[in-house]
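Results of the structural survey
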Amino acid sequence: MIETLVSYEHRTAGFSLPLPESWQAVEDPQPAVPLVALEPDRGGIFRCNVVVSVDQVPEGLDVAGWQAGAEPMMRQAMQDFLLLDLEELQVGGRPAMYRLAHHLVPDLGPVTMAQWMLLRAGRGHTLTFSIGTMEYETRADLFVDIARGFRFAESAGEN
């Protein structure tokens with residue numbers, strides 16, 4: 001499935017990223033979540049989505065230290081959580097982490113979740129992409145394209 005990507009900018013959270021043109025962008029649905037973007041409803045099928053969350057990170061923690069407690073919380077919050085991959089890498093020249101995991105959403109089935117986590121100016125930014133597991137292979141490149149296009153606004157703190 002070829003998706004036309006358009007630029008999305010969240011002015012107050014200080015980031016931009018490309019999103020599929022047909023997706024609905026919901027700004028600031030809850031504290032610490034500046035964006036939830038959802039593919040169009042497909043009648044009872046898990047809706048592929050992108051969520052950007054921003055957390056205050058205690059001073060002195062690097063990205064690995066910030067993420068050290070995430071897995072136990074995910075195991076508690078997500079049914080049948082299974083970590084598939086966790087690695088440290090560079091995104092745009094800054095330290096980052098990548099996580100791939102699986103969990104079960106009641107009434108909708110298995111879901112695969114890919115996350116990229118970055119630190120900037122004392123805040124942790126997490127891009128979370130979720131999709132029904134059986135569709136993951138066909139949409140994984142879309143997730144990578146969106147993550148590669150993630151940018152911090154110049155006025156949003158350190159560059």
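Fair warning: this is a prediction, and the values are worked out from it, not measured in the lab.

What follows covers the overall build of the chain. For the chain, the count of helices and strands is three helices and 10 strands. Mapped in sequence order, the helices and strands of the chain form the string β-β-β-β-β-α-α-β-β-β-β-α-β. Its C-alpha atoms give the chain principal-axis dimensions of about 45 × 35 × 25 Å. Counting over 159 residues, the chain shows a buried share of 43%. Within the chain, contacts between residues separated by at least 24 positions form 43% of all contacts whose residues are at least 6 apart in sequence. Summing over all exposed atoms, the chain offers an accessible surface of approximately 8,700 Å²; the carbon and sulfur share of this is 52%.

Turning our attention to the packing of aromatic side chains. All told, the structure shown has seven aromatic pairs when counted by the stated rule. Ring centres of phenylalanine 15 and phenylalanine 150 lie 5.5 Å apart, and the angle between their planes is 25 degrees; on these two criteria the pair is classed as stacked. Of this pair, phenylalanine 15 sits in strand S2 (residues 15-20) while phenylalanine 150 sits in the loop between helix H3 (136-148) and strand S10 (151-152), and the two are 135 residues apart along the sequence. Given a relative accessible area of 1%, phenylalanine 15 falls into the buried group. Among the residues examined, phenylalanine 150 registers a relative accessible area of 7% and is labelled buried. Members of the aromatic cluster, each reached through a chain of ring pairs, are Tyr98, Trp116, Phe129, Tyr136 and Phe143.

Judged from the 10 bridges that link them, strand S6 (residues 79-91) and strand S7 (residues 94-105) form a sheet pairing that is antiparallel. Across the sheet, aspartate 85 pairs through a bridge with leucine 100, a residue of S7. Two successive antiparallel strands, S6 and S7, enclose a turn made up of two residues, where glycine 92 displays a positive phi of approximately 60 degrees. Direction of pairing for S7 relative to strand S8 (residues 109-120): antiparallel, over a ladder of 10 bridges. Bridged to histidine 102 within S8 is threonine 112. Count of turn residues in the S7/S8 antiparallel hairpin: three residues, of which aspartate 107 carries a positive phi of about 70 degrees.

Looking now at the sheet that holds strand S9 (residues 123-132). The pairing of strands in a sheet happens through backbone hydrogen bonds and is either parallel or antiparallel. Overall, antiparallel pairing links the seven strands, which are arranged S3-S4-S5-S9-S8-S7-S6 in an open sheet. In this open sheet, the two strands that pair with only one neighbour each are strand S3 (24-30) and S6. Pairs of neighbouring strands in the sheet enclose a mean axial angle of 20 degrees, with direction left out of account. Running at roughly 160 degrees to S9, H3 makes contact with strand S5 (49-56), S7, S8 and S9 of the sheet.

Criteria and thresholds
Residues numbered from 1 in each chain as written. Predicted model: local features only at pLDDT ≥ 70, side-chain atom pairs only at ≥ 80, totals over all residues. Heavy atoms only, no water. Helix = DSSP H or I, 4+ residues; strand = E, 2+ residues; numbered from the N terminus. Buried < 20%, exposed > 50% of the residue type's maximum accessible area, 1.4 Å probe, protein only. Contact = heavy atoms within 4.5 Å. Areas by Shrake-Rupley, 256 points an atom, 1.4 Å probe, with all protein chains shown as cover. Phe/Tyr/Trp six-rings, centres within 6.5 Å; stacked < 30°, edge-to-face > 60°. Pairing = 2+ DSSP bridges. Axes fitted to C-alpha atoms, helices over the stretch in contact; angles between N-to-C directions.

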